[in-house]
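A closer look at the structure
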Amino acid sequence: MTWTKKVLRVNLTEGSVNEEPLNMDWAAEYIGQRGLATRYMVAETDPDCDALGPDNKLIFATGPLTGTAVSTAGRYSVITKSPLTGAIACSNSGGFLGAELKSAGWDMIIFEGKSPSPVMLNIINENAELVPADDLWGKSVWETDKLIHEKSGDPQTRVAAVGRSAEAGCLYSAIINDLHRAAGRSGVGTVMASKNLKAVAVRGTRGVGNIKDPARFMKSVAEEKQVLAENAVTGQGLPALGTQVLMNVINEIGALPAKNMQLSQFEGAHNISGEAMLEPRKSDGKPNLTTNAACFGCTIACGRISTVDRTHFSIENKPEYWGNSGGLEYEAAWAMGADTGVDDLDAVTYVNFVCNEDGMDPISFGATVAAAMELYEKGVITKEQTDGVELKFGSAEALVWCAERVATGEGFGADLGLGSKRLCEKYGHPELSMTVKGQEFPAYDPRGIQGMGLTYATSNRGACHLRSYTVASEVLGIPEKTDPAVTEGKAGLVKAFQDATAAVDSMGLCVFTTFAWTLDNMAPQMDAACEGDWTVDRLVEAGERIWNLERDYNIKAGLSGADDNLPERLLKEASKAAPTEGQVCNLDQMLPEYYQLRGWTADGQVTDEVRQKFSLPG
């Protein structure tokens, strides 16, 4: 069955920890993880609640395949209402914590209320307790992890924690597990800190069993792992270069945003690319990349482990950063590199370390710094705000300074911690915020990849590439090639990707498998493992149900079709990059058809017919 059928409910106000049965009727409709936790959020919270108030809930959720032998089945998600967007937040993470939680016997943890003082949750199999964490408050994620491991005495204890940025109220703070894996987007770490919850430590030795048909399951798992191994992306590109395999590719087609998305190509792209991470440094002859790394049960191993040149200005007097740590992923390298105009690989890597150390979403951080740099170059922000720092595009020193300030919330770091939407509004230029629903864009210019424009605009958690990664089709030709410059057919493409991805996220698998797998590859593994009959059609239906549930939550939270929009820069200011020169994002040619395919009203409202079709709660 793979679900443990157990939920851990933690009332932080009362200090109580209780076990309750998982709602299996909901699991049959929403699968697990993203979908099932959202169903709990809908049932238990008012969508209009204060995201940072005690009435909001914070849910750590695994999928039914989490912890099994399926490749990449180590995922978990954190679901809450976002303080950054006011919409539903679901942030997905890898590493080992998700599998450990499942192995301890839990499908889900629901945190509610607010502790009167800092606490952490300690789980050892069926035993769970809240313990004081006053000694951890004010510490970074890395310090917290070290102290928890010293107390537990068990190196296999898995820790998820928030850093100082979350304590300071940075609205895009992340929850970091295993030192450098992150439930990164939408401010889920900010919500965790608002509840005075510093960390979750988990040790599970029960394992994950109850596979419905073990022989069929292992046969299917072996066959599908071979598919991943033989695929050019999952078997070659990602292991060798990680997600950074994309930096030069996206730049060459004129779809790499630069300098707060003013440009669609970055002249320094190669210097911060996956290829550059392999090049020996002049100082010590060693490359930035030490090795690749894998999350639990992953046969792809796209993770990066890196070092910074010890003579680099950012760490020359900081020996604590001289060792190996989590290296650059494509989105982080873009946001803190191309978007800020910085092509100093060591500086961007160091700042990535800081984001892991103190729990900041590197996408929102980098994009917010980029907005601040444009405000500075326009004379709106001055040295008076930046303590004399020249906040110019291309300045590695300014980037490093910003990261260190946001980490603690000191001075101008508090302004940067607002995110670009609130920052630009504060300084009188909201048009310079490159966001949807208040969340910053990832690393693909929708002027050059039209489907991504619709993806960003309609994403239920604000601008996001992982809700519908049409780059796979429009650039890489997976599962079939579509023209990135045209809008025809993109509404259907985006909807199909959104529904399938919702199912993938809810099973407990990594979306990177979809470079090689479709639901045709996943359904047999799910069906052999889990009770019930799991077909491709059932997974697609569940994915569409989840998407509509999230949309309905957002509508009740006060969002509307008016929020399915893009900044005017992307709609009216044409790309100047040669491959995409003259192009804007033609969102208006795609959005009406998208609403129609969804069965929504012309202004984007979920209809009663759709609610009835998917049995959505009232």
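Below or above, wherever it landed, is the structure these notes cover.

Conventions used here
Residues numbered from 1 in each chain as written. Predicted model: local features only at pLDDT ≥ 70, side-chain atom pairs only at ≥ 80, totals over all residues. Heavy atoms only, no water. Buried < 20%, exposed > 50% of the residue type's maximum accessible area, 1.4 Å probe, protein only. Helix = DSSP H or I, 4+ residues; strand = E, 2+ residues; numbered from the N terminus. Pairing = 2+ DSSP bridges. Axes fitted to C-alpha atoms, helices over the stretch in contact; angles between N-to-C directions. Contact = heavy atoms within 4.5 Å.

**Thoughts on the pairing of strand 4 (residues 76-81)**
Of all six residues that make up strand 4, six are buried, and the element is covered over most of its length. Neither face of strand 4 is exposed, since Y76, V78 and T80 on one face and S77, I79 and K81 on the opposite face are all buried. Sheet analysis places strand 3 (residues 58-62) next to strand 4, joined by four bridges and oriented antiparallel. The residue of strand 4 that forms the bridge with A61 is S77.

**Concerning the sheet that holds strand 7 (residues 119-124)**
Taken in spatial order, the six strands line up as 8-7-12-9-10-11 in an open sheet, and their pairing is mixed. Pairing within the sheet leaves two strands with one partner each, and these edge strands are strand 8 (127-132) and strand 11 (181-183). Going across the sheet, the axis of each strand differs from the next one's by a mean of 20 degrees, ignoring polarity. Of the pairings in the sheet, the one linking strand 9 (residues 158-161) to strand 10 (residues 175-177) comprises two bridges and is antiparallel in character. From the neighbouring strand, A161 faces strand 10, where its bridge partner is I176. Across the face of the sheet, helix 4 (residues 141-152) comes into contact with strand 7, strand 9, strand 10 and strand 12 (197-203) while running at roughly 145 degrees to strand 9.

**A word on the sheet that holds strand 14 (residues 303-306)**
A sheet is described by the order of its strands in space; here three strands give the open sequence 13-14-15, paired in antiparallel fashion. Among the strands making up the open sheet, the edge pair consists of strand 13 (289-293) and strand 15 (325-326). Direction of pairing for strand 14 relative to strand 15: antiparallel, over a ladder of two bridges. Across the sheet, residue I305 finds its bridge partner in strand 15, namely G326. Packed onto the sheet, helix 8 (residues 233-241) meets strand 13 and strand 14 and runs at close to 25 degrees relative to strand 14.

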